[in-house]
Amino acid sequence: MAVTAQELAAIIKGEVHGDAQVLIDDGRTVERAGRRHVVFAGSEAFLKKLGGCRAGAAIITRSLFKPEHLAVGIPAIIVVDDAQRAFGAALQHFRPPRARRMIGISPDAYVSPSATVGENTCIHPGAFIDDDVAIGRNCDIYPGVFIGAASRLGDDVTLYPNVVVYGNVSLGDRVTIHACAVIGADGFGYRLHGGKREKVPHFGAVRIENDVEIGACSTIDRAMIGETIIGEGTKIDNLVMVAHNCELGKHNILASLVGLAGSVSTGDNVICAGQVGVADHVHLGEGCVLGSKTGAHKDVPAGETHLGMPSQPAAEAMKVIMSQQKLPALLRTVRKLEARVEELTKKVDALSASGPSESSKTAA
Amino acid sequence: MAVTAQELAAIIKGEVHGDAQVLIDDGRTVERAGRRHVVFAGSEAFLKKLGGCRAGAAIITRSLFKPEHLAVGIPAIIVVDDAQRAFGAALQHFRPPRARRMIGISPDAYVSPSATVGENTCIHPGAFIDDDVAIGRNCDIYPGVFIGAASRLGDDVTLYPNVVVYGNVSLGDRVTIHACAVIGADGFGYRLHGGKREKVPHFGAVRIENDVEIGACSTIDRAMIGETIIGEGTKIDNLVMVAHNCELGKHNILASLVGLAGSVSTGDNVICAGQVGVADHVHLGEGCVLGSKTGAHKDVPAGETHLGMPSQPAAEAMKVIMSQQKLPALLRTVRKLEARVEELTKKVDALSASGPSESSKTAA
Amino acid sequence: MAVTAQELAAIIKGEVHGDAQVLIDDGRTVERAGRRHVVFAGSEAFLKKLGGCRAGAAIITRSLFKPEHLAVGIPAIIVVDDAQRAFGAALQHFRPPRARRMIGISPDAYVSPSATVGENTCIHPGAFIDDDVAIGRNCDIYPGVFIGAASRLGDDVTLYPNVVVYGNVSLGDRVTIHACAVIGADGFGYRLHGGKREKVPHFGAVRIENDVEIGACSTIDRAMIGETIIGEGTKIDNLVMVAHNCELGKHNILASLVGLAGSVSTGDNVICAGQVGVADHVHLGEGCVLGSKTGAHKDVPAGETHLGMPSQPAAEAMKVIMSQQKLPALLRTVRKLEARVEELTKKVDALSASGPSESSKTAA
């Protein structure tokens, strides 16, 4: 619903400069905005792009704002503490989320008589809640979700469609799990016995702490004995594998297609970029960063950035990568050097033979 | 059901040479065919294998066919314009697909009263169609499929079991999505705020254009503001990640386990082989090819083939790879060169000391 | 339920040394055990850790046991043939699995009238069993599972929630498939036809042999003509891609995020570590091992261990990797060598010019 720049500023708690009456009805990126759209600039890079932008209004972070921005051709400038957040609030106004469907427990869901469900929790048709499950308040359990026996969910948990939570899994408060993710499948453990792979039984559990978000089609396996742990506030992208007995710290970031082998542990604030692989029992120290496609086979110290396969500190890895580009030329250089040394050797031998001396023979 | 080579030729629109009465009842690969089977040869490589083949009939592409093929020992040769296509038609005859189950809208599916469903569309038990969804004609919505509020499907769309389409997603005509794929989950975006990862809300959408096919367990995330776009005719394999705000051109091919980070864009006819990773905001130019496991951190020009991590033009990457194999030997060579130069230096120093001369001292 | 070390020894068929009356009520890892816990040591590495362990009892493999272990401070030592297996039996006692829910065929599942279901098989609410499916005895078909027309399951098969088995797939006895795995989706095959990708129809099937286990969100595609085969006893982790027409031998191990392209074949006892990729039509010989992230583009001989991208024998790959670390230093060394050779050349030229001789000119 359209609002004036003045009204928008009130919504997002900012001050308008320029034409406070310009009408705005949605947000867009700087490249795609038209006269009825608001954009945001929360960094110098975005500010530079404002020149060619055709938006009706721009939200700018206060610490970056300069009077010259009023002259870039955008009718209204709204100055706020944090442009990205304010833009989110603006979008929330223009694109209000659908009201939550307060359906309670659908008669077309299966809920075991021994399960408990907190108030204001919705369980959609086709969900299956097994024996002794405990679900907190204000949760949304979408269609097709399975929750295995004795698993426990905190409050404000969202399980999107077709999520599978095996038994004996605990999820904290405000945990969000996207569609088709699987929590608590057996760890991948076998031992050779008589030429066959014999399954190592997995009696352990999974513990997902508060404020964790897990992406679509990701898998978190259960521990063999103890618990696989995803620490508070950690965010996991789609198609990520966390194997049995991993213990992740708080506020980690795992990007898509990352694979952590069994018993990997991490400190807080660790970041793994896309397609990273970490070998079993490796520890990733607090605040360390693994660049995309890195393969870590040994512990990574706290605070370091590692790259490559096998992984090494970024500065060294970059040196190796840069050097590799020079390899074909280096091979040619060395071949030339060999020829020149060969030639020099002949010359020197000839000089030695023809000339003096006692001293040169001794030196050789 | 068995047919003569003559009858088969009529079905696949070809001409028989040899024994037109030989009975054929199925298709096989050249290696596994027996007397009642037909095989096909659509390339020189396959033609070479016909010698040892025990099939009753072979389908050969006209432009490759030579009279000598009649002498390889296969009773009947059927010449057609395109052997692979004709073989497909033959298999369609021998293995007719099951008739589509025209069940209409199952009473065991949930379809919101505000959803619309086109004629001849089947919605199977256990599917869930949310508010304001619009589904076209001749669609098959298999069991366990979830379609979120306000999403729109064109005609002739197939969603295999347990596919999840979040809200505000649009699918064109003739779109096929395989089991457990997830379209429209939130993009993976967080910002640090007070030491915690704060979720960046994703108000955007996903647009899948006509004739797109998406593999099992693949995930296409929704945009933050605008649309994540999969261009017409693009084919995506299993377990592929396409992150928020990606915009793919037409007729792209993404093989299994490829990961595209946020805001990647591609031209038409781009090919990414298995396990490729592309960093955020990278553009892949029209017709470019990324070899398997390539990691692209910067734009790839149209028409080029790139390899390696980090990616570079294939010819250069191959040179580096070949050079790497020579590295251990190169290290030895350089050590020997050092020793020889050391020796030469001593000899030359000795010669200089023992012999003349003003000129050599000046040169040094 | 707590037992004495004496009673535990009877359960796991071992002999107690030390305090046979100490009470034990669960198992733990060596690091986390307390006085009421039993631990196990099945290798020298574990034995070394027993010193600081606070467990009430330890299970030790007979061949590793020495009298000095009685003095490490753990009250009771139980000696058995195989400590890891015995520990599993102990856990089975302390954490007895829930009784299987013998629900039979749920009225809330869909089972086609033409499907057959063996005795003692349970089909949970929300499962969908299509026409002409045959399911053996003692199977567990969890909620949300889809089994397509004419597929066949042996006895003792477990399909966890939301597994999708397309039509014409056969599963042997004792096959276990974890949640959201997809068996039998179309292979990824297209051909260019008039500038568009035309789908190559997939008329083939999938055969999963006895005792195979497949992880969550893994995908096994159907063959174009024949069968995609997973050999007996093979174990596949989560998020693994096996493409059309692959034929895997027996007792293979595929770790997480492995991708096998079309028509890959393997011998028995092959191991692929995490994130391995194998190109189409490659053969992996019996007993070979591919290290993590390896990319195999050509056949791997039986029994060999290969690493790297592109893959090569481990010893050579390690040499190359070690050499790469020396590359930056090598570049500096060669630059110095060039300078020294340049200098030597000048000196030698000066010597040649100033000194004699006929012979040196000839040699040059």
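Not measured: the values here are computed from a predicted model. (Residues numbered from 1 in each chain as written. Chains lettered and ligands numbered in written order. Predicted model: local features only at pLDDT ≥ 70, side-chain atom pairs only at ≥ 80, totals over all residues. Heavy atoms only, no water.)

Draft legend 1. A look at the sheet that holds strand β16 (residues 158-159) of chain A. All names here are of chain A. As summarised here, the arrangement of the 11 strands in space is β10-β13-β16-β19-β24-β27-β30-β33-β36-β38-β39, forming an open sheet in which the pairing is mixed. Each edge of the open sheet carries a strand with a single partner, namely β10 (122-123) and β39 (312-313). For β16 and strand β19 (residues 176-177), the ladder comprises two bridges, and the chain directions are parallel. Paired with L159 across the bridge in β19 is I177. (Pairing = 2+ DSSP bridges. Helix = DSSP H or I, 4+ residues; strand = E, 2+ residues; numbered from the N terminus.)

Draft legend 2. Seen up close, the interface of chain B and chain A. Chain B puts 69 residues into the contact, and the matching count from chain A is 70 residues. For the chain B face of the interface with chain A, the top three residues by lost area are R197, F203 and I225 of chain B, together amounting to 14%. Here chain B and chain A share nine salt bridges between them. Counting every contact that joins chain B to chain A gives 29 residue pairs in polar contact (both at pLDDT 80 or more). Mapped onto the side of chain B that touches chain A, the elements with two or more residues apiece are β21 (190-193), β22 (196-199), α4 (314-325) and α5 (327-354) of chain B. (Contact = heavy atoms within 4.5 Å. Buried area = accessible area lost by both parts, 1.4 Å probe. Salt bridge = Lys/Arg side-chain N within 4 Å of Asp/Glu carboxyl O. Polar contact = N/O pair within 3.5 Å; in protein donor to acceptor, adjacent residues only side chain to side chain.)

Draft legend 3. Broad picture of the packing of aromatic side chains. All names here are of chain C. Under the definition given, this model contains 24 aromatic pairs over all chains. Ring plane angle 20° and centroid distance 4.6 Å describe the contact between Y110 and F128, whose orientation is recorded as stacked. On the criterion of sequence distance, the pair formed by Y110 in strand β8 (residues 110-111) and F128 in strand β11 (residues 128-129) is long-range, its members being 18 residues apart. Y110 sits in the partly exposed class, given a relative accessible area of 25%. What makes F128 buried here is its relative accessible area of 3%. For the ring pair F128 and F146, a centre distance of 5.4 Å and an interplane angle of 10° mean the geometry is stacked. Of this pair, F128 sits in strand β11 while F146 sits in strand β14 (residues 146-147), and the two are 18 residues apart along the sequence. (Phe/Tyr/Trp six-rings, centres within 6.5 Å; stacked < 30°, edge-to-face > 60°. Buried < 20%, exposed > 50% of the residue type's maximum accessible area, 1.4 Å probe, protein only.)

Draft legend 4. Spotlight on the pattern of salt bridges. Residues and elements named next belong to chain B. Counted by the stated rule, this structure contains 66 salt bridges over all chains. Two residues, D186 and K199, come together in a salt bridge whose shortest N-O distance is 2.9 Å. With D186 in the loop between β20 (182-183) and β21 and K199 in strand β22, this residue pair connects regions lying 13 residues apart in the sequence.

Draft legend 5. Seen up close, the state of the cysteines. Counted by the stated rule, this structure contains zero disulfides over all chains. Free of any disulfide, C180 of chain A has its nearest cysteine sulfur in C180 of chain B, 4.7 Å distant. With no disulfide of its own, C217 of chain B has C180 of chain B as its nearest cysteine by sulfur position, at a separation of 4.9 Å. With relative accessibility at 0%, the residue C217 of chain B sits in the buried group. (Disulfide = S-S within 2.5 Å.)

Draft legend 6. Highlighting the sheet that holds strand β39 (residues 312-313) of chain B. All names here are of chain B. Read from one edge to the other, the open sheet built from 11 strands follows the order β10-β13-β16-β19-β24-β27-β30-β33-β36-β38-β39, with strand pairing classed as mixed. In this open sheet, the two edge strands, each paired with only one partner strand, are β10 (122-123) and β39. As paired strands, strand β30 (residues 253-254) and strand β33 (residues 271-272) are joined by two bridges and run parallel to one another. Across the sheet, residue I253 finds its bridge partner in β33, namely I271.

Draft legend 7. Representation of the relation of the copies chain A and chain C within the structure. Superposing chain A onto chain C requires a rotation of 120° together with a translation of 0.0 Å along the rotation axis, leaving an RMSD of 0.1 Å. Such a combination of rotation and displacement between the chain copies is what one expects of a three-fold axis. (Least-squares fit on C-alpha atoms with pLDDT ≥ 70 in both.)

Draft legend 8. A look at the confidence of the model for chain A. All names here are of chain A. Mean pLDDT over chain A works out to 94, with 97% of the residues at or above the 70 mark. Counting contacts from residues 357-364, a segment whose pLDDT is below 50, to residues more than four positions away or on other chains yields nine contacts. Both scores are given for the predicted complex: the pTM is 0.94, the ipTM 0.93. (pLDDT = per-residue confidence, 0-100.)

Draft legend 9. The arrangement of the packing of helix α1 (residues 5-12) of chain B against helix α3 (residues 83-94) of chain B in detail. All names here are of chain B. Contact pair α1 / α3: the axes reach a minimum separation of 9 Å and the direction vectors enclose 115°. On the basis of the axis angle, α1 is roughly perpendicular to α3. The two elements α1 and α3 meet at a crossing, and its hand is right-handed. Here α1 contributes L8, I11 and I12 to the contact with α3, which in turn contributes A86, A89, A90, H93 and F94. Considering only residue class, the contact of α1 with α3 consists of seven nonpolar, one polar and no charged. (Axes fitted to C-alpha atoms, helices over the stretch in contact; angles between N-to-C directions. Parallel < 35°, antiparallel > 145°, perpendicular 65-115°, else oblique. Left-handed = near helix turned anticlockwise from the far one by under 90°. Nonpolar A, V, L, I, M, F, W, Y, C, P; charged D, E, K, R; others polar.)

Draft legend 10. Inspection of unusual backbone geometry at higher detail. Going from M309 of chain A to P310 of chain A, the amide bond is cis rather than trans, its omega being 0°. Positive phi outside glycine occurs at H251 of chain C, with the angle close to 55°. Structurally, H251 of chain C can be placed in the loop between β29 (247-248) and β30 (253-254).

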